[in-house]
Amino acid sequence: MTGASLTSTVVRLDPRSRLPGYCVVAWNGQHVAEAFALSKDQSAAYWADVSRVARAIDRVFQPMKINLMTLGNWVPHLHTHIVPRYADDPAPGNPISWEDMFYDEPLPDATLRDHAERLAAVLYGTEST
């Protein structure tokens, strides 16, 4: 999984993130730009998926905080950035600039694969205990 499919969303890890677990959760139904455009049932399913991914990130990476950013400035399709924050990130305890969240180059494939596999194990309930 550098990408995963859930009930109503697709999830993608960002390969350049300095923040382990940073990902984007995107609505996989008909095109909508805003969360309020979803029906009540669709909204419940969307936010349940976002929460499920945030819980998995919390369990796997144990950040000190998780921020959720539902944006649409560059890509006008409903999606939420899940931004784990760490004591040793570029701005611990403070707002972080967009530029400080990313490396110039992608993470090594082995690192990204490890992150993806660990998250998938929690999301799909296949982790070993």
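Look up a bit, the structure's there.
The structure displayed is predicted, hence computed values, not measured ones.

A. Region of interest: the overall build of the protein. Counting its regular elements, the protein contains two helices and five strands. Compactness check: the protein gives a C-alpha radius of gyration of 14 Å against a globular reference of 14 Å for 129 residues, within 12% of the reference. With respect to the three principal axes, the spread of C-alpha positions in the protein is 40 × 35 × 25 Å. Buried positions account for 40% of the 129 residues belonging to the protein. For the protein, restricting intrachain contacts to residue pairs at least 6 apart in sequence, the fraction spanning at least 24 positions comes to 58%. Here the protein has roughly 7300 Å² of accessible surface; of this, 51% comes from carbon and sulfur atoms.

B. Structural view of empty space enclosed by the protein. Applying the stated criterion across every chain, the model contains one cavity of 30 Å³ or more. Estimates place the volume of the largest cavity at around 50 Å³. As for the largest cavity, its lining consists of Leu13, Asp14, Ser17, Leu19, Pro20, Gly21, Tyr22, Leu107, Leu112 and His115.

C. Representation of the nonpolar core within the structure. If you look at the biggest cluster of nonpolar residues, it comprises 34 residues, and the most contacted ones within it are Val53, Ile57 and Ile82. At the level of elements, strand 2 (9–13), strand 3 (23–27), helix 1 (40–61), strand 5 (79–85) and helix 2 (109–123) are the ones that each hand at least two residues to this core. For this core, the element with the most residues is helix 1, which contributes eight residues. The contact partners of Val53, leaving out residues within four places of it in the chain, are Leu6, Val11, Cys23, Val25, Ile82 and Leu123.

D. The arrangement of the layout of surface pockets in detail. In this model, the largest pocket occupies a volume close to 200 Å³. Along the walls of the largest pocket sit Leu71, Gly72, Asn73, Trp74, Val75, His79, His81 and Trp98, which together make up its complete lining. Along the lines of polarity and charge, the residues of the lining of the largest pocket split into four nonpolar, four polar and no charged.

E. The arrangement of a nonpolar patch on the surface in detail. A cluster of nonpolar side chains, contributed by Leu71, Trp74, Val75 and Trp98, occupies part of the molecular surface with about 430 Å² of accessible area. Residue placement: Trp98 occurs in the loop between strand 5 and helix 2.

F. Region of interest: the environment of Gly21. Locating Gly21 in the fold gives a position in the loop between strand 2 and strand 3. Counting along the chain gives 77 residues from Gly21 to Trp98, while the straight-line C-alpha distance between them is 16 Å. The contacts of Gly21, once residues within four sequence positions are left out, are Leu13, Ile57, Phe61, Ile82 and Pro84.

G. Representation of the pairing of strand 5 within the structure. Where burial is concerned, most of strand 5 is hidden: seven out of the seven residues are buried. Side chains His79, His81, Val83 and Arg85 project from strand 5 onto one buried face, and the interleaved Thr80, Ile82 and Pro84 project onto a second face that is buried too. Summarising the sheet, strand 3 and strand 5 pair through four bridges and their orientation is antiparallel. When the bridges of strand 5 are listed, Val25 appears paired with Thr80. Sheet topology note: the strand 4 (residues 65–71)/strand 5 ladder contains seven bridges and is antiparallel. The residue of strand 5 that forms the bridge with Leu68 is Ile82.

Each value, and the rule that gives it
- Residues numbered from 1 in each chain as written.
- Predicted model: local features only at pLDDT ≥ 70, side-chain atom pairs only at ≥ 80, totals over all residues.
- Heavy atoms only, no water.
- Helix = DSSP H or I, 4+ residues; strand = E, 2+ residues; numbered from the N terminus.
- Rg over C-alpha atoms; globule rule 2.2 N^0.38 Å.
- Buried < 20%, exposed > 50% of the residue type's maximum accessible area, 1.4 Å probe, protein only.
- Contact = heavy atoms within 4.5 Å.
- Areas by Shrake-Rupley, 256 points an atom, 1.4 Å probe, with all protein chains shown as cover.
- 1 Å grid on protein atoms, 1.4 Å probe; cavity = no way out; pocket = protein on both sides within 12 Å on 5 of 7 lines; lining within 4 Å.
- Points joined across faces, edges and corners; volume = space filled by probe spheres on them.
- Core = buried A, V, L, I, M, F, W, Y, C linked by side-chain atoms within 4.5 Å.
- Nonpolar A, V, L, I, M, F, W, Y, C, P; charged D, E, K, R; others polar.
- Patch = residues over 30% accessible without salt bridge, like charges linked within 9 Å, V, L, I, M, F, W, Y side chains within 5 Å.
- Salt bridge = Lys/Arg side-chain N within 4 Å of Asp/Glu carboxyl O.
- Pairing = 2+ DSSP bridges.

Read these as spatial facts, not as claims about activity.
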